[in-house]
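Here is what each chain is made of, one letter per residue.
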Amino acid sequence: MSRLSGPLQQAIETIDGAAMLAQVERWARINSGTSNLEGLARMAEELSEAFSTLPGTITLEEPAPVTAVDASGKETAVQSGKHVVLRVRPDAERRFILTGHMDTVFPADHPFQELTWLDEHTLNGPGTADMKGGLAIILASLTALEQIEAWQQVGYDVLINADEETGSLSSAPLIERLAAGKYAALTFEPAATPEGTLAHARGGSGNYSLTVTGKSAHAGRNPHEGRNAIVAASTLAVRLKELQRDDISVNPAKIDGGAANNVVPDHAVLRFNIRPKEPAAAERFEAEMHALIGEVKQAQEVDITIHGGISRPPKPVDRKAQALFDLVRECGAELGQEIDWKSTGGVCDGNNIAATGVPVVDTMGVRGGKIHSPDEFMIVPSLAERAALAAMVLHRLATENLL
Ligand SMILES: [Zn+2]
């Protein structure tokens with residue numbers, strides 16, 4: 001028997017793919033690179049207006065303070081855009097969280113700003129797949145669901161952040177707060193393949209800057225009095241790389257600093273990224289890193305300060321999350337969509353949500369591809385297709401005890 005009950009079937013039939021496309025075209029023409037605060041403010045305004053057709057209240061949330069270390073080792077503030085939050089029926093017993101991001105990887109001065117049709121079903125443009133298409137899907141699926149009486153028993157939050165592409169550092173506390181206590185989460189990143197494959201387990205990611213301060217001296221006259229920061233940073237790079245294991249990769253990426261050839265350099269900044277597959281690997285690495293830093297500090301008589309840490313915890317798939325994947329596949333089958341999944345090394349807000357213990361499927365957005373490149377494309381029919389899928393998944397989560 002089909003689970004497409006009368007009211008759900010009717011609601012899904014109201015999903016208007018052409019209207020969704022018009023929305024994506026409009027939003028994709030607004031540059032919203034993560035550093036373009038003006039463009040992000042415009043997007044926040046557009047989204048607030050578009051989502052105001054749903055019940056509930058919309059707020060613009062201030063970004064949490066974020067700092068970065070510059071090449072001189074100085075900690076400076078990083079500006080972020082405001083995040084859009086819609087809260088609907090916050091007193092409902094069963095509540096969901098739907099998330100997406102409004103920022104893109106293309107800054108205001110990037111050459112890729114235009115929309116181009118590749119064929120009648122394929123639109124090339126910045127943020128079409130990643131993920132303004134996904135934002136249109138969130139709105140369309142919820143608009144459809146709001147027509148169904150049974151849906152009105154549940155509540156939900158929609159979070160659209162402005163800094164996902166740089167690691168959600170200014171929205172991570174908000175994600176954690178909003179995800180807490182939710183029954184399930186859906187995040188609308190584009191599918192992992194143009195066929196619609198979902199991203200299953202994900203590793204985590206952490207970024208670190210180690211600022212090394214030594215002591216300068218003349219390279220010929222009194223080199224023994226110097227403490228070489230470049231040597232210490234290089235030692236750290238080599239030894240950190242040796243901490244790589246099967247369950248964690250370590251990538252020393254950059255060393256800033258140094259001095260003239262006849263000077264013992266007293267300053268260096270080493271940057272590196274780690275990709276732990278499991279939370280335990282991340283913890284073990286932190287302990288080993290601290291021990292190593294202590295050792296190098298002592299042996300080379302330099303000072304070392306640490307900035308950064310794990311920004312995306314690993315996202316293993318637990319029993320509840322697997323049940324959610326199974327549900328998405330089942331709903332896809334009902335709708336004539338074949339849904340598959342695979343693990344990926346990529347990270348997204350789904351990592352942060354999973355860390356709160358809430359089951360999440362984080363690639364409910366459009367089918368498309370070549371994201372983060374000027375060849376980014378969205379397969380247009382997937383807009384209505386995925387909106388129907390999300391609506392059906394949420395409807396079943398609202399009306400059955402599946403997790
Ligand atoms: Zn994205």
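These figures come from a predicted structure and were not determined experimentally. (Residues numbered from 1 in each chain as written. Predicted model: local features only at pLDDT ≥ 70, side-chain atom pairs only at ≥ 80, totals over all residues. Heavy atoms only, no water.)

Trainee: So what exactly am I meant to see when it comes to the coordination of the zinc ion here?
Mentor: Around a metal, the idealised angle for a tetrahedral arrangement of four donor atoms is 109.5 degrees; for an octahedral arrangement of six donor atoms it is 90 or 180 degrees. Protein-derived coordination of the zinc ion comes from His101 (NE2), Asp130 (OD), Glu189 (OE) and Glu189 (OE), at a distance range of 1.8 to 2.8 Å. For the zinc ion, the 4 donor atoms in the first shell make angles of 51 to 146 degrees at the metal, so the coordination geometry reads as irregular. (Donors = N, O, S within 2.8 Å, 3.2 Å for Na, K, Ca; no water. Tetrahedral: all angles 85-135°; square planar, octahedral: opposite > 155°, others 65-115°.)

Trainee: Got a minute to help me understand the sheet that holds strand β9 (residues 184–187) in this structure?
Mentor: Adjacent strands of a sheet form backbone hydrogen bonds with each other and so pair up, either parallel or antiparallel. Overall, mixed pairing links the 6 strands, which are arranged β1-β4-β8-β5-β9-β18 in an open sheet. Edge positions in the sheet fall to β1 (57–61) and β18 (360–361), since each has one partner strand and no second. Inspection of the sheet shows strand β5 (residues 95–101) paired to strand β8 (residues 155–161) by 7 bridges, in the parallel sense. Across the sheet, residue Gly100 finds its bridge partner in β8, namely Ile160. Of the strands in this sheet, β5 and β8 are in contact with helix α4 (residues 128–145), which crosses β5 at around 150 degrees. (Pairing = 2+ DSSP bridges. Helix = DSSP H or I, 4+ residues; strand = E, 2+ residues; numbered from the N terminus. Contact = heavy atoms within 4.5 Å. Axes fitted to C-alpha atoms, helices over the stretch in contact; angles between N-to-C directions.)

Trainee: Would you mind going over the pairing of strand β11 (residues 205–213) with me for this structure?
Mentor: If a strand is regular, its side chains alternate between the two faces of the sheet. Within β11, 7 of the 9 residues are buried, leaving the element largely enclosed by the surrounding structure. Across 9 bridges, the pairing between β11 and strand β16 (residues 303–312) is antiparallel. Bridge pairing in β16 places Thr213 opposite Asp303. In the sheet, β11 pairs with strand β15 (residues 267–276) via 8 bridges, with the strands oriented antiparallel. Bridge pairing links Tyr208 to Phe272 in β15. (Buried < 20%, exposed > 50% of the residue type's maximum accessible area, 1.4 Å probe, protein only.)

Trainee: Even after reading the chapter, I still don't get the sheet that holds strand β6 (residues 116–119), so can you show me in this structure?
Mentor: Overall, antiparallel pairing links the 4 strands, which are arranged β6-β7-β20-β19 in an open sheet. The two strands at the open ends of the sheet, each matched to only one other strand, are β6 and β19 (368–369). The pairing of β6 with strand β7 (residues 122–124) spans 3 bridges and is antiparallel. In the sheet register, Thr116 faces β7, and the bridge partner there is Asn124.

Trainee: Is there a simple way to think about the pattern of salt bridges in this case?
Mentor: Any two side chains of opposite charge can pair if their charged atoms end up close together. Per the counting criterion, the structure on display carries 19 salt bridges. With a shortest N-O distance of 3.4 Å, Glu61 and Arg87 are connected by a salt bridge. On the criterion of sequence distance, the pair formed by Glu61 in strand β1 and Arg87 in strand β4 (residues 83–88) is long-range, its members being 26 residues apart. Here Glu61 falls in the buried class, since its relative accessible area comes to 16%. Arg367 is paired through a salt bridge with Glu385; the nearest N and O atoms lie 2.8 Å apart. Within this pair, whereas Arg367 is found in the loop between β18 and β19, its partner Glu385 is found in helix α10 (residues 382–399), the two being separated by 18 residues in sequence. On the basis of relative accessibility, which here comes to 16%, the residue Arg367 falls in the buried class. (Salt bridge = Lys/Arg side-chain N within 4 Å of Asp/Glu carboxyl O.)

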